[in-house]
Amino acid sequence: GALSLPGRTPEITMEVVAVSIFWMILLALYRTRSPQRIGAGSMEYKRLVDATVVTAGWTAMAIVVTGSLDARWMVIVVFPVGLAALLLARWLWRRWLTRQSSVSGHYLSRVVVVGRSSDIHYVTERLSQHSGAAYKVVGAVYDEDVVPGHGAPYPQRAGLMTLENVVASTGADAVIVAGSLRE
């Protein structure tokens, strides 16, 4: 029929469709495409692995319970190959994203960092060294009475009351709170 694979029965094809839908649902539930994780850190890869392992485990249990041994190729072949393809695709996209952000500044989350001077300095240094293609610091708001003498290439203001104006004027997407704020 139209739904069957060559040389396969429609039941096996329906099993493949059901497992594929289940896998896609788990990839969504594990937030593997979360904008906060794409392009930064290992959590993006960990979530792909976790969702795939859980899907493979449930599929293996279903194969044992239903006695559908013809479907075991999904656990033996499809999940390892599929996971490898997902990981490779994410790695290639991350490389492309990093190139785009370093060359043109595209695809970066624009952030304002808020906190004490030492905390802001620490966070901005960490972001510049380890964020990959994720964040671009566009402003800093010091939880202090004066702006320290940092020669940063972005606006710096003193006092939490200036935060809203700095976010609006820089077009920031997010605010990072560095350390704890004064009471």
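Residues numbered from 1 in each chain as written. Predicted model: local features only at pLDDT ≥ 70, side-chain atom pairs only at ≥ 80, totals over all residues. Heavy atoms only, no water.

Novice: Please set out the environment of R90 residue by residue, giving values where relevant.
Specialist: One can find R90 in helix 3 (residues 72-104). Spatially, the C-alpha atom of R90 lies 9.5 Å from that of L48, the residues being 42 residues apart in sequence. Contact partners of R90, with chain neighbours within four places excluded, come to T32, R33, E44, Y45 and L48. (Helix = DSSP H or I, 4+ residues; strand = E, 2+ residues; numbered from the N terminus. Contact = heavy atoms within 4.5 Å.)

Novice: Explain the nonpolar core to me, and be specific about the residues and the numbers.
Specialist: Membership of the largest hydrophobic core is limited to twelve residues, which are V19, W23, L26, L27, L48, A51, A56, I63, A71, M74, F79 and L83. Counting only elements with at least two residues in this core, the list comes to helix 1 (10-29), helix 2 (43-66) and helix 3. Aside from chain neighbours lying at most four places away, what touches A51 is W23, L26, L27 and Y30. Listed in part, the ten residues of the second largest apolar core include V111, V123, L127 and A178. (Core = buried A, V, L, I, M, F, W, Y, C linked by side-chain atoms within 4.5 Å. Buried < 20%, exposed > 50% of the residue type's maximum accessible area, 1.4 Å probe, protein only.)

Novice: Provide a residue-level description of the sheet that holds strand 4 (residues 174-178), including the pertinent values.
Specialist: Hydrogen bonds between backbone groups are what pair the strands of a sheet, and the pairing can be parallel or antiparallel. The sheet built from four strands is open, its strands ordered 3-2-1-4 with parallel pairing. The sheet is open, and its two borders are formed by strand 3 (156-158) and strand 4, each paired with just one other strand. Across this sheet, the average inter-strand angle for adjacent strands is 30°, counted without regard to direction. Note that strand 2 (residues 135-142) and strand 3 share three bridges and pair parallel. Residue pairing for strand 3: Y142 is matched across the bridge by A158. Where helix 5 (residues 163-170) meets the sheet, it contacts strand 1 (109-115), strand 2, strand 3 and strand 4, and its direction lies at approximately 160° from that of strand 1. (Pairing = 2+ DSSP bridges. Axes fitted to C-alpha atoms, helices over the stretch in contact; angles between N-to-C directions.)

Novice: Describe helix 2, listing the residues and the values that go with them.
Specialist: The terminal C-alpha atoms of helix 2, which comprises 24 residues, lie 34 Å apart, in line with the 34 Å expected from a rise of 1.5 Å per residue. Every buried residue belonging to helix 2 is among E44, Y45, R47, L48, A51, T52, T55, A56, T59 and I63, and all of these are buried. At the exit of helix 2 stands G67, carrying a positive phi of roughly 70°. (Expected span 1.5 Å × (residues − 1).)

Novice: Go over the packing of aromatic side chains with me, naming the residues and quoting the values.
Specialist: In this description, an aromatic ring pair is defined by two values, namely the gap between the centres and the angle between the planes. One pass over the structure, following the stated rule, counts two aromatic pairs. Ring plane angle 85° and centroid distance 5.5 Å describe the contact between W93 and W96, whose orientation is recorded as edge-to-face. With W93 and W96 both in helix 3 and three residues apart, this pair spans about one turn of that helix. W96 gets classed as partly exposed once you look at its relative accessible area, which sits at 31%. (Phe/Tyr/Trp six-rings, centres within 6.5 Å; stacked < 30°, edge-to-face > 60°.)

Just distances and angles here, no functional claims.
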